[in-house]
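# Survey of secondary and tertiary structure
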Amino acid sequence: MFSRRSFERFCVLVLGLAATGTLVEAGPCDIYASGNTPCIAAHSTTRALYNAYTGALYQVKRGSDGTTTDISPLSAGGVANAAAQDKFCSNTTCLITIIYDQSGRGNHLKQAPPGGFKGPESNGYDNLASAIGAPVTLNGKKAYGVFMSPGTGYSNNAASGTATGDEAEGMYAVLDGTHYNGACCFDYGNAEISSTDTGNGHMEAIYYGDNTAWGSGAGSGPWIMADLENGLFSGSSPANNAGDPSISHRFVNAIVKGGPNKWAIRGGNAASGSLSTYYNGARPSVSGYNPMSKEGAIILGIGGDNSNGAQGTFYEGVMTSGYPTDATENSVQANIVAAKYATAPLTSGTALTVGSSISLRATTSGYTTRYIAHTGATINTQVVSSSSTTALKKQASWTVRAGLANNNCFSFESVDTPGSFIRHADFALVLAANDGTKLLHEDATFCPQTGLNGETSSVRSWSYPTRYFRHYENVLYIASNGGVHTFDSATSFNSDASWVISNGFA
Ligand SMILES: *[C@@H]1O[C@H](CO)[C@@H](O)[C@H](O)[C@H]1NC(C)=O
C-alpha cells in the first residue's frame, strides 16, 4: 500500500509522464498542482490549462450590436473554439473583453482602469485588444492570442489567492517573441492594487521587451526581465545581467518566480526544447526589494502604475501559490511544447501578389468613384478614372510589398514615390520614406482581410489590429469601430472600412 508520501510521488510521476503524452493528459495547472504549487490564476485565450476544464476561456464583444459571447474549449482540456468566435464576429469587429481565470478563484482579467497613467479611452481606461490580432494554431487547431498594441491593458485589482508581502509565487507566460517594444511595460503578473506606483518591491511580474531604462541583458534584446516596481531586473544588479540573453523565438515561454530573498528568471522556446535559467539568486540589494511588498493585483500588458506604452502578444499564462521547482516548470514547458503552437494566416479574402500594382476603391454609397491616393504626404481619397491624368493615376496606385514588419502581411509603396510607403502616424495615414526603423516598418504593415461589409476587402493595421483603413471626410485614418476619435465613428464604419482592390491604374 502506498504511504501518502509515495502516493504523492506516484501522482507526480503520472502527471510528469502525462506531459510527454504517455499517460493521462495533464494541463499546466495539473502539473503545478502535482508539485504543490497550485495555480491561483490561469489565463489563456487559446486553450484550457487544466485537463478537466470546460468553462469559458474568454469573452468577446462585437461592434455591430455591442453584444458579448463566451468562447470555451472545444473539449475538456482542449483548444479554444475559434470557429465560434469567427461566427459571432463575422461582418463586424470584435474585442476581447474578459480573459477568464480557469483556477476557480474568479481572478478574471478585464479592461484596466486609469491609475498613475491614464488609458486612451474617454474614461481613462486602457483599450481592449482585437479578437483577431494574433491567430495561431495549436496542434493544427485555430485559436487566437491577445495582440496588445500600445494603450491596451487588462488587470484585476481585487484578485484572491495571489502572493502578498514576501510570499512565494511562480509565473509563466507564453508570448510572441517578435512583438515587443522598448516602452514601459509589457508585463504579466503581480502588481499594485491601486494601479499606482507605491514603491520598490510592490510588484513582481514577468516583463518582456527591449526597454533599457532600468536593466538589460546580453545583446540588444528583447529580454525576459522581472518588473519589481521602479526597476526592470535581469538579475540582482539593477543594471545588467550578461547571463540574461536576448530571446526572440516566435513563441517564447517566459518565467519569473520569487520567494523570501530568492528569485529566478527562466525561459525558452515555447515551441520546442527545454528551459534555461537566466538568473537564480538573491533579491536585488537596492532598498525595498528584500523583503518584497507584493500587493497581489494582476496585470497584463501594462506596468503596475498603468504605464501603457508597451506592446506584446499573450497566449497563455498562470500565477501559482508557492515557489515552483525547476522540475515542475520543466514539465509545464514540455506540456506547452506538446500543445504545438504554430503561426496561422493573418490575411484573408482577396489575395495580393507581391510586386503587383493595386488600386483601392471606396465602397461607401456616394463615394464609389473615389480611390486611395496621396497628395504630398497626406493619404486621402480622390475621384480617379481611366480618363484621369497619368499623374493622378500614379498617385492612386500602390506597389504591393511583403510586410516590412511581418511578411505574412503587406506594405504599400507609392508608385510615383518609390521608397515611400503608406504608414500610420497618430492614427492618420501618411506617405513616408522608409527610414529603416522598426517603428516605421510596424506602422507600414497592414493585413488585408475579407471586408467588414461581408464583401470586398478591409485593411487592418498589423500593429493596431482594432484599426482599419477608413476614409473620413475623404482623408484616410486607421480607425477603430466606435473608438474615441471622430474618425472612429461607428456610423457607416463597415462601408467606410471596406475597399474593392483591383489592378493598379498605373
Ligand atoms: C455577411 O455579409 C455577407 C454579404 O453581405 C452576407 O452574405 C452574409 O450573410 C453575412 N454574414 C452574416 C453572418 O451576417
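Definitions and cut-offs
- Residues numbered from 1 in each chain as written.
- Predicted model: local features only at pLDDT ≥ 70, side-chain atom pairs only at ≥ 80, totals over all residues.
- Heavy atoms only, no water.
- UniProt positions renumbered as here; feature names shortened; annotations may be inferred.
- Domains from an automatic or database assignment.
- Contact = heavy atoms within 4.5 Å.
- Buried area = accessible area lost by both parts, 1.4 Å probe.
- Salt bridge = Lys/Arg side-chain N within 4 Å of Asp/Glu carboxyl O.
- Polar contact = N/O pair within 3.5 Å; in protein donor to acceptor, adjacent residues only side chain to side chain.
- Helix = DSSP H or I, 4+ residues; strand = E, 2+ residues; numbered from the N terminus.
- Nonpolar A, V, L, I, M, F, W, Y, C, P; charged D, E, K, R; others polar.
- Near = heavy atom within 4 Å.
- Areas by Shrake-Rupley, 256 points an atom, 1.4 Å probe, with all protein chains shown as cover.
- 1 Å grid on protein atoms, 1.4 Å probe; cavity = no way out; pocket = protein on both sides within 12 Å on 5 of 7 lines; lining within 4 Å.
- Points joined across faces, edges and corners; volume = space filled by probe spheres on them.
- Pairing = 2+ DSSP bridges.
- Core = buried A, V, L, I, M, F, W, Y, C linked by side-chain atoms within 4.5 Å.
- Buried < 20%, exposed > 50% of the residue type's maximum accessible area, 1.4 Å probe, protein only.
- Disulfide = S-S within 2.5 Å.

In the nomenclature of an unreviewed UniProt entry, the chain is known as Alpha-L-arabinofuranosidase of Penicillium chrysogenum. Under the UniProt heading Subcellular location (unreviewed entry), the note attached to the chain is "Secreted". UniProt, in the comment section headed Pathway (unreviewed entry), describes the chain in these words: "Glycan metabolism; L-arabinan degradation."

### Overview of the domain arrangement of the chain
The parts lose accessible area when they come together, and the size of an interface is often stated as this lost area. Domain boundaries assigned for the chain yield domain 1 (26–341) and domain 2 (354–501). Facing the 20 residues of domain 1 at the interface are 16 residues of domain 2. Surface buried jointly by domain 1 and domain 2 totals about 1,300 Å² across both partners, of which 57% is contributed by carbon and sulfur atoms. For the pair domain 1 and domain 2, the interface holds 0 salt bridges. The interface formed by domain 1 and domain 2 holds 5 residue pairs in polar contact (both at pLDDT 80 or more) in total. In terms of residue count, strand S6 (residues 129–138) provides more of the side of domain 1 that touches domain 2 than any other element does, 4 residues in total. Partitioned by chemical class, the residues of the side of domain 1 that touches domain 2 number 8 nonpolar, 11 polar and 1 charged.

### Side note on the site of the ligand
Residues in close proximity to the ligand include Ser90, Asn91, Asn453, Gly454 and Glu455, which together make up its full environment. The contact in question runs from an oxygen atom of the ligand to an N or O atom on the side chain of Asn91, over 2.3 Å. In isolation the ligand exposes 360 Å². Once the protein is present, 36% of that is buried. A breakdown of the residues in the shell around the ligand according to their chemical character gives no nonpolar, 4 polar and 1 charged.

### Concerning empty space enclosed by the protein
In total, this model carries 2 cavities of 30 Å³ or more according to the counting rule given. Estimated volume of the largest cavity: approximately 40 Å³. Taken together, Ala112, Pro113, Ser155, Glu192, Ser195, Ile299, Ile302, Gly303, Gly304 and Asn306 make up the full set of residues lining the largest cavity. Looking at the lining of the largest cavity residue by residue, the classes come out as 4 nonpolar, 5 polar and 1 charged. When its volume is computed, the second largest cavity comes out at roughly 30 Å³. Lining the second largest cavity are Ala173, Leu175, Phe186, Asp187, Tyr188, Ile206, Tyr207 and Tyr208. Looking at the lining of the second largest cavity, the elements that each hand over two or more residues are strand S9 (169–176), strand S10 (187–191) and strand S11 (204–209). Per-element accounting of the lining of the second largest cavity gives the leading share, 3 residues, to S11.

### Considering the pairing of strand S16 (residues 276–281)
As defined by bridge partners, strand S15 (residues 262–269) adjoins S16 across 5 bridges and the pair is classed as antiparallel. For Ile265, the partnering residue across the bridge sits in S16 and is Tyr279. Between S15 and S16, which follow one another and run antiparallel, lie 6 residues, and Gly273 among them has a positive phi close to 75°.

### A few points about the nonpolar core
Among the nonpolar cores identified, the biggest contains 81 residues, and Tyr154, Tyr172, Tyr188 and Ile224 are the most heavily contacted of them. Mapping this core onto the domain boundaries places at least three of its residues in each of domain 1 (26–341) and domain 2 (354–501). Residues Leu360, Ile379, Trp398 and Leu431 belong to the second largest nonpolar core, which totals 21 residues.

### Brief notes about the pairing of strand S4 (residues 94–99)
The element S4 is extensively covered by neighbouring structure, given that 5 of its 6 residues are classed as buried. The pairing of strand S2 (residues 58–62) with S4 spans 5 bridges and is antiparallel. In the strand pairing of S4, Val60 is matched with Ile96. Here S4 pairs with strand S5 (residues 109–111) via 2 bridges, running antiparallel. Within S5, the position partnered with Ile98 by the bridge is Lys110.

### A look at the pattern of salt bridges
In total, this model carries 16 salt bridges according to the counting rule given. Across the pair Glu329 and Lys257 runs a salt bridge, and its minimum N-O distance is 3.0 Å. In this pair, Glu329 is assigned in helix H4 (residues 326–338) and Lys257 in strand S14 (residues 251–259), connecting sequence segments 72 residues apart. Given a relative accessible area of 1%, Glu329 falls into the buried group. Given a relative accessible area of 2%, Lys257 falls into the buried group. Salt-bridge contacts for Asp443 lead to Arg423; the nearest nitrogen and oxygen are separated by 2.6 Å. One end of the pair, Asp443, is in helix H6 (residues 438–443); the other, Arg423, is in strand S25 (residues 420–425), with 20 residues separating them in the sequence. Three or more residues joined by partner-sharing salt bridges are found here, namely Glu169, Glu204, Arg283 and Lys294.

### Some points on the state of the cysteines
According to the stated counting rule, one finds 4 disulfides in the structure shown. Each sulfur in the disulfide pair Cys29 and Cys39 lies 2.2 Å from the other. Between Cys29 and Cys39 the sulfur-sulfur dihedral comes to about -95°; the bridge is accordingly left-handed. Of this pair, Cys29 sits in helix H2 (residues 28–34) while Cys39 sits in strand S1 (residues 39–44); the two residues are 10 residues apart in sequence, bridging distant segments of the chain. Residue Cys29 is classed as buried on the basis of its relative accessible area, which comes to 1%. A residue is classified by how much of its surface remains accessible, and Cys39, at 7% relative accessible area, is buried. The residue that forms a disulfide with Cys184 is Cys185, at a sulfur-sulfur distance of 2.0 Å. Between Cys184 and Cys185, the S-S dihedral sits near -100°, and the bridge is therefore left-handed. In the chain, numbering the disulfide-bonded cysteines from first to last in sequence yields the connectivity 1-2, 3-4, 5-6, 7-8.

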